[in-house]
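Each chain is listed here by its residues.
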Amino acid sequence: MSYRLDSILGTKDDRKEDVTGAVSQGAFAAATPADLLEADLAHAKAAAVELLARGGPDSSIPWANPNTGAHGTITPIAATNSQDGATCRDFLASYLRANTETWLHGEACRTGSRWDVKTLKPFSRT
């Protein structure tokens, strides 16, 4: 037995669009998906800097952006190395948002006492 959904729901012109949530539509009008991604990455980068500044050998740290619900963990994956007089270290970042999981590969370098994330891009297994 089969049913046509339009016979149950009516035609598109007959239906009203459902609007859910407590945030007005105007609250997100200026934000683009790229803006939200950058905001998420800023939280991940801050967690990476915090973790590397602690100097723990094999530890992970969670990160989260409460504004978008994105979250994940930062995990160093290699010993430190030297590049152009700076101490650098690679790390992996998990990125979970809206039931989607992505892995990112990053590199942070320390000049003096400050760590800076130099790259953070999608992880590819090559």
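The coordinates are above.
Worth saying up front: this structure is predicted, and the values here are computed from it rather than measured.

Parameters and conventions
- Residues numbered from 1 in each chain as written.
- Predicted model: local features only at pLDDT ≥ 70, side-chain atom pairs only at ≥ 80, totals over all residues.
- Heavy atoms only, no water.
- Helix = DSSP H or I, 4+ residues; strand = E, 2+ residues; numbered from the N terminus.
- Contact = heavy atoms within 4.5 Å.
- Buried < 20%, exposed > 50% of the residue type's maximum accessible area, 1.4 Å probe, protein only.
- Polar contact = N/O pair within 3.5 Å; in protein donor to acceptor, adjacent residues only side chain to side chain.
- Disulfide = S-S within 2.5 Å.
- Core = buried A, V, L, I, M, F, W, Y, C linked by side-chain atoms within 4.5 Å.

Engineer: Account for the environment of Arg110, naming residues and giving values.
Structural biologist: Assignment of secondary structure puts Arg110 in strand S5 (residues 100-111). In sequence terms Arg110 and Ala53 are 57 residues apart; their C-alpha atoms lie 8.9 Å from each other. Those residues in contact with Arg110, other than ones at most four positions away along the chain, are Ala86, Thr87 and Trp115.

Engineer: Provide a residue-level description of the side chain of Asp40, including the pertinent values.
Structural biologist: Relative to the assigned elements, Asp40 resides in helix H2 (residues 33-54). According to the relative accessible area criterion, Asp40 is buried, its value standing at 0%. Polar contacts involving the side chain of Asp40 include one to the side chain of Asn65, which spans 2.9 Å. Each residue touching Asp40, except ones within four places of it in the same chain, is listed here: Trp63, Asn65, Thr68, Ala70, Tyr95 and Arg97.

Engineer: Give me the lowdown on the environment of Tyr95, citing residues and values where you can.
Structural biologist: Within the secondary structure layout, Tyr95 lies in strand S4 (residues 86-97). Exposure remark for Tyr95: the relative accessible area of 9% places this residue in the buried category. Residues contacting Tyr95, with those up to four places away along its chain left out, are Leu37, Asp40, Trp63, His71, Thr100, Glu101, Thr102 and Leu104.

Engineer: Give a description of the state of the cysteines that names residues and reports values.
Structural biologist: Enumeration according to the criterion identifies one disulfide in this entry. Between Cys88 and Cys109 runs a disulfide, and the two sulfur atoms are separated by 2.0 Å. Where Cys88 bonds to Cys109 through sulfur, the torsion about that S-S bond is close to 105°, and the disulfide is right-handed. Residue Cys88 is found in strand S4, and its partner Cys109 is found in strand S5; the two are separated by 21 residues along the sequence. The residues Cys88 and Cys109 share a single accessibility class, namely buried.

Engineer: Describe the nonpolar core, listing the residues and the values that go with them.
Structural biologist: Judged by nonpolar contacts, the single largest core of 18 residues is most densely connected at Trp63, Ile74, Phe91, Leu104, Ala108, Val117 and Leu120. Every element with two or more residues in this core is listed here: H2, strand S1 (61-64), S4, S5 and strand S6 (114-122). Setting aside its immediate chain neighbours within four residues, Val117 contacts Lys45, Ala48, Val49, Phe91, Glu107 and Ala108.

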